[in-house]
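Coordinate analysis (summary)
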Amino acid sequence: MMTSAAKQFPAAAIILGAGKGTRMKSKHPKVMHKVASLSMIGHVIKAVTQINADKAVVVVGPNMEMVESEVSPHQTVIQHNQAGTGDAVKAALPLMKDFKQGTVLILFGDTPFIQPETLQSMISLREEGNAVVVLGFEADNPTGYGRLISNAEGKLTAIVEQKDASPEELKVNVCNSGVMAIDAEHLEELLLAIDNNNASGEYYLTDVVKLARDRGLDCAVITTDEDQVMGVNSRANLAHAEKVWQEKRRRLAMDEGVTLIDPNTVFFAHDTVIGRDVVIGPNVFFGPKVIVADDVEIKAFSHLEGATVGMAAQIGPYARLRPGAELQEAAFVGNFVEVKNTVMGKGAKASHLTYLGDSEIGAGSNIGAGTITCNYDGFNKAKTILGENVFIGSNSALVAPVTIEKDAMVSAGSVITKDVSAESMAFARSPQKEKEGMATKFRELAKKKKEAAKAAQKKD
């Protein structure tokens, strides 16, 4: 949704992703749950990548190989004790030894909407001479949030939790998101100074503001909208986050020249690319890695994932494009057609009830209803190749590997197991037989069986 932000100053990121997500009631780490078909921590990594950060370190919990794989090739470190946010950031210090000049961003793997522009603004403010910059938000209802207290000069003086806030401080509606930018030069000193002398026995990252101020260092606050720092702690939160993301993406699509017949029923992925003058019907779902060119029509109840759709192509209704599907200009995939790892050439058509897998369909070719490419023999995949202007009759099975050359035709109901030469017509079906009067005899026999069954029931 966002464009890449230009790099101005050295920056690194520590992303906290060790939370178990108990409230999720899931065997998977919390940060692995998805919004817009991308894990929450994947969204955060994406934002960090877009600001061209010099490095990113992800703090994980024990046995979180799934998270380690998701964030690769970025480094990970295990937080064994999980004694608060300060403890989590401390766990990353050994991997930050080589980063002593610039800004270290402290981010959370369960706040997926943080934007690169916001991170860049935090870095710029930090570079103006502030040791710590805290990201705040103006809450509609600040109840429960820590408040960011600033002085007359606009410098951040304290982060005050609600239970500790005075009546005057409770009037402040600038709340703490937890996201910070810290001067790399002071990072280790400030973190090691955090203690756990509190009722919970935990190390709180928020203490760095007081510690920095005690050392005569300036702190600052920058604000963003509340949605951008939305945290996800439950399945209900996850559903709300998906709703928020989709609503923004739908508005963006329409602003950029896309017609959504029923916007609330269209679901985009984090990386969906849609051209202009595209018309999208109700109940269309986009999985990851879909690119749609201009003037395309996608009709209702279609599902696209890992697909490229060329200009003026038509899809659906009830079509499924799986990874590797490529529809070139003006190609047509109709109702109940499934396409996987297949290129459909310019103007090629598969209008209904067809499976095309591991195929090349030449320009102008027409695939009849009920056609399937038999691409899997139980052990290996094989390819079906159709030349230009090939016609495949309905209810045909093309048993790969097979090539049907240009301008050839396949008769309906054929099972094609051998190559078909150009301009030829292939027939591959059993000859039709006819037995006179057999239909009448069949009906009479069926009638007698029914009558016998009824008689047997009456005797019982």
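Above this text you will find the structure in question.
Not measured: the values here are computed from a predicted model.

Rules used throughout
- Residues numbered from 1 in each chain as written.
- Predicted model: local features only at pLDDT ≥ 70, side-chain atom pairs only at ≥ 80, totals over all residues.
- Heavy atoms only, no water.
- Helix = DSSP H or I, 4+ residues; strand = E, 2+ residues; numbered from the N terminus.
- Buried < 20%, exposed > 50% of the residue type's maximum accessible area, 1.4 Å probe, protein only.
- Polar contact = N/O pair within 3.5 Å; in protein donor to acceptor, adjacent residues only side chain to side chain.
- Contact = heavy atoms within 4.5 Å.
- Axes fitted to C-alpha atoms, helices over the stretch in contact; angles between N-to-C directions.
- Parallel < 35°, antiparallel > 145°, perpendicular 65-115°, else oblique.
- Left-handed = near helix turned anticlockwise from the far one by under 90°.
- Nonpolar A, V, L, I, M, F, W, Y, C, P; charged D, E, K, R; others polar.
- Salt bridge = Lys/Arg side-chain N within 4 Å of Asp/Glu carboxyl O.

With respect to the secondary-structure elements, Arg126 resides in helix α4 (residues 116-127). When its relative accessible area of 6% is taken as the criterion, Arg126 is described as buried. Engagement of the side chain of Arg126 in a polar contact is seen with the side chain of Glu127, the distance being 3.2 Å. A polar atom in the side chain of Arg126 sits 3.3 Å from the side chain of Asp183.

Attention now moves to the environment of Lys299. Topologically, Lys299 is positioned in the loop between β17 (297-298) and β18 (303-304). Each C-alpha atom of the pair Lys299 and Val279 lies 7.9 Å from the other, and the pair is 20 residues apart in sequence. Beyond its immediate stretch of four places on either side in the chain, Lys299 contacts Gly281, Val284, Gln314, Ile315, Gly316 and Pro317.

This part takes up the packing of helix α6 (residues 184-193) against helix α7 (residues 207-214). Contact geometry for α6 and α7: axes closest at 9 Å, N-to-C directions at 110°. Considering the angle they form, α6 stands roughly perpendicular to α7. For the pair α6 and α7, the sense of crossing is right-handed. For the pair formed by α6 and α7, the contact residues are Leu190, Leu191 and Ala193 on the first element and Val208, Leu211 and Ala212 on the second. In terms of residue class, the contact of α6 with α7 is made up of 6 nonpolar, no polar and no charged.

Summed over all chains, the structure comprises 15 salt bridges. Linking Glu127 and Arg126 is a salt bridge whose minimum nitrogen-to-oxygen distance equals 3.2 Å. Relative accessible area serves as the criterion here: at 29%, Glu127 is assigned to the partly exposed category. Across the salt bridge formed by Lys210 and Asp214, the nearest N and O atoms sit 2.9 Å from each other. Separated by 4 residues within a single helix, Lys210 and Asp214 lie in helix α7, roughly one turn from each other. For the pair formed by Lys210 and Asp214, the shared burial category is exposed. Through salt bridges with shared partners, one network takes in Lys97, Lys100 and Glu188.

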